[in-house]
Amino acid sequence: MQRFDLNQIAPSPWKNGGGSTREIACWPQGAGMDSFGWRVSVATIAQAGPFSAFPGIDRQIMLLDGDGVRLHNAQAGLEHALTERWQPFAFSGDMALDCDLLGGPSSDFNVMTRRGQWSARLEQLGGQAEAGLSAAGLCMVLQGSWKCADGRILQAGQGLWWSSVRPEPLVAQDEKARLILVSLASHS
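Below is a summary of the structure that appears in this document. Because the structure is predicted, anything quoted here is derived from the model rather than measured.

Considerations on the side chain of N110
For N110, the location among the structural elements is in strand 11 (residues 106-114). With a relative accessible area of 5%, N110 lands in the buried category. Here the side chain of N110 touches D108 through a polar contact of 2.5 Å, side chain to side chain.

Given below as structure tokens:
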């Protein structure tokens, strides 16, 4: 299990200047954008503009905070308003999308998997969660605090990721505590 704190991950600015990304984890570790099997990040969208296309990649995005964005591609007939926090939206990375802000800057949670090699399932959980049950995965606290099996407490923006380890139960420390669980499955 690898621990992370989103506040300690330096943001990388986008080439188009429209925002920045903080990469939480990718597999294999150190893989570039052309060679990862899976990648999880948090992005800040600061202005309207195009989303980068990622051929061969399946994407899921979830609003963390802010007013949200409208994703659209007129040719494909796709339009989606990402306005409800913590609700994942899945789409093909093959498709070039445009993004409009629905107010001020927003931040979102992103999962990318290489089609045919990996798939991901996103869940928002409260109460008790078992991390490490899937071959690989990641969990990040959305609100409240969660207690790890070793007694450490995870707060909002902190979490764990793994690539094949024993299960580690996480227990919510209050009834409003929520986390996102990403379960990753290998298809190779």
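A short note on the packing of aromatic side chains
Summed over all chains, the structure comprises two aromatic pairs. Here the aromatic rings of W38 and W161 are separated by 6.0 Å at their centres, their planes lie at 75°, and the arrangement is edge-to-face. In this pair, W38 is assigned in strand 4 (residues 38-45) and W161 in strand 17 (residues 158-162), connecting sequence segments 123 residues apart. Here the two residues W38 and W161 agree in accessibility, since each one is buried. Note on F89 and F91: the rings are 5.6 Å apart at their centroids and 25° apart in plane angle, and the pair reads as stacked. Judged by relative accessible area, F91 falls into the buried class, the value being 8%.

Some details on the pattern of salt bridges
As enumerated under the stated definition, the model contains eight salt bridges in all. A salt bridge links E79 to R70; the shortest N-O distance between them is 3.3 Å. Since its relative accessible area comes to 58%, E79 is described here as exposed. Among the ionic pairs, R115 bridges to D94, the shortest N-O distance being 2.9 Å. Taken together, the residues R115 in the loop between strand 11 and strand 12 (118-125) and D94 in the loop between strand 9 (89-92) and strand 10 (97-101) connect sequence positions 21 residues apart. Note on R115: relative accessible area 35%, which makes it partly exposed. A relative accessible area of 41% means that D94 is categorised as partly exposed. One salt-bridge network, in which partners are shared between bridges, spans R3, D150 and R152.

A few points about the environment of C26
Secondary-structure assignment places C26 in strand 3 (residues 19-27). Judged by its relative accessible area of 5%, C26 falls in the buried class. Each C-alpha atom of the pair C26 and W161 lies 9.6 Å from the other, and the pair is 135 residues apart in sequence. The residues contacting C26, other than those within four sequence positions of it, are A31, W38 and R39.

Topic: the sheet that holds strand 17
If you walk across this open sheet you meet the five strands as 1-17-14-19-12, and the pairing is antiparallel. Of all strands in the sheet, those bounded by a partner on one side alone are strand 1 (2-5) and strand 12. Averaged over all pairs of adjacent strands, the angle between their axes in this sheet comes to 15°, without regard to strand direction. One ladder, built from four bridges, connects strand 14 (residues 136-143) with strand 17; its direction is antiparallel. Following the sheet pairing, L138 is matched in strand 17 by W161.

Cut-offs and rules
- Residues numbered from 1 in each chain as written.
- Predicted model: local features only at pLDDT ≥ 70, side-chain atom pairs only at ≥ 80, totals over all residues.
- Heavy atoms only, no water.
- Helix = DSSP H or I, 4+ residues; strand = E, 2+ residues; numbered from the N terminus.
- Buried < 20%, exposed > 50% of the residue type's maximum accessible area, 1.4 Å probe, protein only.
- Polar contact = N/O pair within 3.5 Å; in protein donor to acceptor, adjacent residues only side chain to side chain.
- Phe/Tyr/Trp six-rings, centres within 6.5 Å; stacked < 30°, edge-to-face > 60°.
- Salt bridge = Lys/Arg side-chain N within 4 Å of Asp/Glu carboxyl O.
- Contact = heavy atoms within 4.5 Å.
- Pairing = 2+ DSSP bridges.
- Axes fitted to C-alpha atoms, helices over the stretch in contact; angles between N-to-C directions.

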